[in-house]
Amino acid sequence: MKRWIRWPGLIGFTLFVVVTVALWFLFMDALVRRAVEKAGTALVGAEVDLAHAHVTLVPLGVTLSGLQVTDPSAPSTNSIEVSRIAFRLDSLNLFRRKVIIDEMAAEGMRFGTARKRPGKVVVPPPKPPEEKKKGSALPSFTMPDVKKVLQEEKLESPAFIEQAQADLKKKSDAWQKQMASLPDKAALDAYQERIKKLKEAQKGGLRGLTSAGADALALTKDLNRDLDTVKKAKAAFNTDLAAAKALVEKAERSPVEDVRRIADKYSISSEGLANLSQTLFGGSVHGWIDKGVLWYGRLKPLFERSGEKKGNVQTAKPLRGKGVDVRFREERPLPDFLIGTVKASLQPEAGTFTGIIRNITPDQDVLGKPLTFAFTGSGLKEAQAADINGTLDHRKAYLPDDAIEVAVRGYRVNNLALSSAASLPVSLQEGTMDLEIKGKRDAKAISARCVARVKGAKLNTEGDESGGAFAKAIRSSLEKVSAFTLMADITGTPENYRVSVSSDLDKVMKDAAGSLVREQRDRIEKELRKAVQEKTEAKLAGMKEGLGGLGSQGGKLDGLQDRLNSLIKESGSSAGGRIKLR
Amino acid sequence: MIKMIANLLKILNSDADPSQISLALGFALVSGLLPFFSPLNLLLLFIVFILRVNLSAYFLGTAFFTGIATLLDPLLHRIGLALLTAAPLEGLWTALYNSTIWRIQRFNNSVVLGGLVFGVLCFVPLVFLSNALIRRYREHVLAWVRKTRLMQAITASKFYDIYSKVSGWGWGGQA
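Our next topic: the overall build of chain A. Looking only at helices and strands, chain A features 12 helices and 17 strands. Residues classed as buried in chain A amount to 29% of the 582 residues present.

Okay, structure coming up:
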């Protein structure tokens, strides 16, 4: 046994542990700083910097100073900067690998501050889809060259008319074949001959009358059968003719639709003119909402844990580290990470907000409480009052229920960009704004309404001359505006939502630019109509001819039916009225 | 890499008992597969210091198996997750989960448990296999290796001189 024990090893082990612990103490602050930067960067997807971290052991507490979080969509600015964060940790629970912070103080929070150097972006924000991008682009206000437009745009009407013409010809050919199967002139003449013979037989006495009766019955049966066939063919023909007429009408309308479609694309439509706010401000509003949605997604690991439940156990991906943590039923359940209360003071440009965030934990189901936040502006320099309240309820991860309410009164706005379109940028140079935002989000739908009422407004409109007379008219109308209301409605699913912007500025802009737009539209339509007409006129004439051909088949059917009816009548009278005919 | 091979050769060519080297490699395997700052690793370190195993081989082996663990992560995760989610073991894991001592070990992490189980299962085969290989190496290859320029350079170095002396004290594992 003695051969295998090395007693001096005890000293060696003690020395090793002492040196390691001493080094850990020495570098503890730096290690914590590095860990915060690494975890923050992984969470946010952009560089997180911390100026200083200080750890105290008795009681166990951490103070972080100068936290800067890079804005992923604008790396030269911080999305948030916090001067000081201080909290105490529950050391006993830390041994159970549970980070429980009863109270955290966050002071001097500011948003959108400039960075000394651009931060690294680890996970770039998703690019807006093409459809959303279009919202921020203004339509062309200049008169397009119709020849060029027609080279780029594909006309749908010529192909449609050709197709209609082919369909008509097909139908006409089919009816020609069917007409051949109906009684022709020879058959009708044969009927006439039989009637003549019937009449002669009547003159031949009693014997003649007997044989005439049988012939009359046979003749009547034959005539009625043919009449039935013709009547059925007529009914089918009428249906076909109605469909053909509808097709022709549609084909006749197709050049007009082509003109309208192209004109809509290259000029401002009446709908577009009625809602210029969407065109002008939609892009900016969408940008603000996208930013909010982006941050909601990035901060989601703080209030909802990704993982799955298998029976009584739950697998959960840890915020950092490899593998998955499997969680079992606890005798006294506690979240793995919990900040009970954050007392925060925000210092945006508007002034100072103070607020409380409660229950920050990815294990809301364990805690049984949702995350709530409430901020109130007090003694604000640039606003009379401000309140922000919200709840992020993810106790049932499959049934989230989030709500936010923002109310800002008397906010003095300075240089707020409303539209960034090159031809017509609009910014609110100054004004007093009352802002109300109410939003809800559940598993299936997202709905929010944002209303901004601005008084004492001074709208600034600059830009290049690419907008022409239209942009000029809009500019001069907006310069006279002193009060307006802007509304944004967000609807759809959390993954695919739609923002519709409306404003009472629409009427102002429509009045100013309506006549210009209508004039431009009329000119485009006139030129387009002429060009489209040239390409479709001959085809339309051919198509109408085809319809005429089909119609003539109907005339033949009518003639045949009339002839059969008269033969039946004649046949009845030749039988002396004794045989009842249809 | 060359330094690592040189260190390995130094250990293999020393007079250290093959069983002390192989035992050190066995402990190194478990240490390497566990997270570096794990309480279980501290316990293993204590055992390695107190038992007469080759420390150089242990530290060298730990570095080697830590690298291997990174490659084995997906396998270790699978093993750990299968064990942690096995219905018959749920009672055991639940009891351990509610014990602070076991929670500190972070046994409920799939990679940690997978690494521990894999390490413990491979411990005995590795000790026996490495022991046999070291003995064969010393019988058949050592004489040739000693004549190589690399080995001559190593034995001529001051570091080897110090190592030989320290080994004599028992730190290298020699009795």
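Turning our eyes to something else, we now look at the interface of chain A and chain B. The interface of chain A with chain B comprises 27 residues on the first partner and 28 residues on the second. Mapped by element, the contributors of at least two residues to the side of chain A that touches chain B are α1 (8-44) and β8 (325-327) of chain A.

All names here are of chain A. Sheet topology places strand β4 (residues 99-110) next to strand β9 (residues 337-346); 8 bridges connect them, and they run parallel. Across the sheet, the residue bridging to Val-99 is Phe-337, located in β9. Sheet analysis places β9 next to strand β10 (residues 353-360), joined by 7 bridges and oriented antiparallel. Within β10, the position partnered with Val-342 by the bridge is Ile-357.

Moving on, we get to helix α4 (residues 55-84) of chain B. Residues spaced three or four apart along an α-helix point in a common direction, a consequence of the helix completing one turn every 3.6 residues. With 30 residues, α4(B) extends only 33 Å from end C-alpha to end C-alpha; this falls clearly short of the ideal 44 Å at 1.5 Å per step. A bend of about 65° at B:Leu72 is the largest found in α4(B), and the proline B:Pro74 appears one to four places after it.

Let's shift gears to the pairing of strand β1 (residues 48-56) of chain A. Residue and element names in this part refer to chain A. For β1 and strand β2 (residues 61-71), the ladder comprises 8 bridges, and the chain directions are antiparallel. For His-52, the partnering residue across the bridge sits in β2 and is Ser-65. Between the antiparallel neighbours β1 and β2 lie 4 residues.

For the rest of this paragraph, the subject is the confidence of the model for chain A. Counting all residues, the mean pLDDT for chain A is 82, and 88% of those residues have values of 70 or more. Ignoring residues within four places in sequence, the model shows residues 131-136 of chain A, a span with pLDDT below 50, making 9 contacts including any to other chains.

Counting 61 residues, the largest nonpolar core has A:Ile474 and A:Ala513 as the members making the most contacts within it. Residue contributions to this core reach at least three from each of two domains, namely domain 1 (8-114) and domain 3 (275-341 + 362-515) of chain A. Non-local contacts of A:Ile474, meaning those with residues more than four positions away in its chain, are made with A:Leu424, A:Met509, A:Ala512 and A:Ala513. Judged by nonpolar contacts, the second largest core, of 34 residues, contains B:Ile21, B:Leu33, B:Phe65 and B:Leu113.

Look at α1(A) against helix α3 (residues 39-50) of chain B: their axes get within 7 Å of each other, and the N-to-C directions meet at 145°. Considering only the axes of α1(A) and α3(B), their crossing is right-handed. Mapping the contact onto sequence places A:Gly9, A:Leu10, A:Gly12, A:Phe13 and A:Phe16 in α1(A) and B:Leu45, B:Phe46, B:Phe49 and B:Ile50 in α3(B). A per-class count over the contact of α1(A) with α3(B) returns 7 nonpolar, 2 polar and no charged.

The packing of two helices is summarised by the inter-axis angle and the distance between the axes. Residue and element names in this part refer to chain B. Close contact between α4 and helix α7 (residues 110-140) brings their axes to 6 Å; oriented N to C, the two are set at 95°. Taken as axis vectors, α4 and α7 run roughly perpendicular relative to one another. Contacts between α4 and α7 involve Ala-69, Asp-73, Leu-76, His-77, Arg-78, Ile-79, Gly-80, Leu-81, Leu-83 and Leu-84 from the first element and Ser-110, Val-111, Val-112, Leu-113, Gly-114, Gly-115, Val-117 and Phe-118 from the second. A breakdown of the residues in the contact of α4 with α7 according to their chemical character gives 11 nonpolar, 5 polar and 2 charged.

The next subject is the confidence of the model for chain B. All names here are of chain B. When the pLDDT values of chain B are averaged, the result is 83; 81% of them are 70 or greater. The lowest-confidence element of chain B is helix α10 (residues 158-169), averaging 60 in pLDDT; the highest-confidence one is helix α5 (residues 90-97), averaging 93. Below pLDDT 50 for its whole length, residues 168-175 participates in 30 contacts with residues either more than four positions away or in separate chains. Overall fold confidence (pTM) sits at 0.60, and the ipTM for the predicted complex is 0.75.

Cut-offs used in this document
- Residues numbered from 1 in each chain as written.
- Chains lettered and ligands numbered in written order.
- Predicted model: local features only at pLDDT ≥ 70, side-chain atom pairs only at ≥ 80, totals over all residues.
- Helix = DSSP H or I, 4+ residues; strand = E, 2+ residues; numbered from the N terminus.
- Buried ≥ 20, exposed ≤ 12 C-beta atoms within 10 Å, placed from the backbone.
- Contact = placed C-beta atoms within 7 Å.
- Pairing = 2+ DSSP bridges.
- Expected span 1.5 Å × (residues − 1).
- Bend = angle between axes of the 7 residues up to and from the residue.
- pLDDT = per-residue confidence, 0-100.
- Core = buried A, V, L, I, M, F, W, Y, C linked by C-beta atoms within 7 Å.
- Domains from an automatic or database assignment.
- Axes fitted to C-alpha atoms, helices over the stretch in contact; angles between N-to-C directions.
- Left-handed = near helix turned anticlockwise from the far one by under 90°.
- Nonpolar A, V, L, I, M, F, W, Y, C, P; charged D, E, K, R; others polar.
- Parallel < 35°, antiparallel > 145°, perpendicular 65-115°, else oblique.

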